[in-house]
Amino acid sequence: MAERLLMVVDTATITTCGCAETLFLSFGNGNGNRQKPRKFPVSGNGNGIPHITGPHSPRGDFNTSWVTSCEIINPDHYIAGENGYNLYTLKRDLDAKTEKERARLVTCGQFYLGEMINCIYAGELQDAPVDSSVSLQGQLLYGTVDGGLGVIVGLEQPVFDYLHELQLRLGKTIHNCLRISHSKYREFQSEARRENYHGFIDGDLIESLFELTREQIGQLIKGIHFKSCNPKVPSVELSVEEVMKMVEDLSRVH
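Residues numbered from 1 in each chain as written. Predicted model: local features only at pLDDT ≥ 70, side-chain atom pairs only at ≥ 80, totals over all residues. Heavy atoms only, no water.

K.L.:
Give me the lowdown on the sheet that holds strand S5 (residues 67-74), citing residues and values where you can.
P.N.:
If you trace the 4 strands from one edge of the open sheet to the other, you get S5-S6-S7-S8, paired in antiparallel fashion. The two strands at the open ends of the sheet, each matched to only one other strand, are S5 and strand S8 (105-112). Averaged over all pairs of adjacent strands, the angle between their axes in this sheet comes to 20°, without regard to strand direction. As judged from the 6 bridges shared by strand S6 (residues 77-82) and strand S7 (residues 86-92), these two strands associate in the antiparallel manner. Residue pairing across strands places Ala80 opposite Tyr88, the latter belonging to S7. (Pairing = 2+ DSSP bridges. Helix = DSSP H or I, 4+ residues; strand = E, 2+ residues; numbered from the N terminus. Axes fitted to C-alpha atoms, helices over the stretch in contact; angles between N-to-C directions.)

Next comes the structure, spelled out in structure tokens:
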């Protein structure tokens, strides 16, 4: 079964999507218990611009998009899918000067997924590996109208930054059968706008690292530095073994 893995930052996220025989509308929370689905009403402002409403999320996203599903990641970050087969993340602008500006949600990530998402809930497919070299920051599950299931897992900023640079290099090294660049294919596309994707990492592309030889991987990661959250800790170049362990641990979440 072919699977696709995505990684999102800020909320710092990994997403895995694959075909499933059954589409569940509610998901387990990892300890065997079922979670009651949460519903957040979505309405428009008369101009075809939907926004999340209700007591749990009194904020608005003023980009034009028809939301098919949304979920609150934390009090300041949100994630949503729309009918153009895109996935995007939003955040509150806490530095805005006026209350009106603070009520607007700022896009911090957007990505062409290729499937329409119709449900997103908190949960996980399996527990994180105890020996994982990557610290996970919470998980979400989503389902698509085609019967696909996906898991969205939080990542720390240094891991995302490293994988983002690795993704850019892999996109120039690995060629696909579509005869189109990776960055072009993953562009956010809707009836109102077309923009470059950002804030996401395509894990399917990252996992193609295993198709390369050790020598090719060594040349690929040469010059990429892993930067710690602590500014006092110097950045370092990871070895081939460390990079392969990181990618393998991420692939094990699905």
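K.L.:
Describe unusual backbone geometry, and please don't skip the residues or the numbers.
P.N.:
For Tyr85, which is not glycine, the phi dihedral falls at a positive 70°. Mapped onto the secondary structure, Tyr85 falls in the loop between S6 and S7.

K.L.:
I'd love a proper account of the nonpolar core, names of residues and values included.
P.N.:
Among the nonpolar cores identified, the biggest contains 23 residues, and Leu163, Leu166, Leu170 and Leu209 are the most heavily contacted of them. If you list the elements that add at least two residues to this core, you get helix H2 (157-173), helix H4 (203-207), helix H5 (214-221) and helix H6 (240-251). Of all the elements, H2 adds the most residues to this core, at 6 residues. Every residue in contact with Leu166, bar those within four places of it in the chain, is listed here: Ile206, Leu209, Leu220, Ile221, Ile224 and Val243. Leu87, Phe111, Leu113 and Leu140 belong to the second-largest nonpolar core, a separate cluster that totals 11 residues. (Core = buried A, V, L, I, M, F, W, Y, C linked by side-chain atoms within 4.5 Å. Buried < 20%, exposed > 50% of the residue type's maximum accessible area, 1.4 Å probe, protein only. Contact = heavy atoms within 4.5 Å.)

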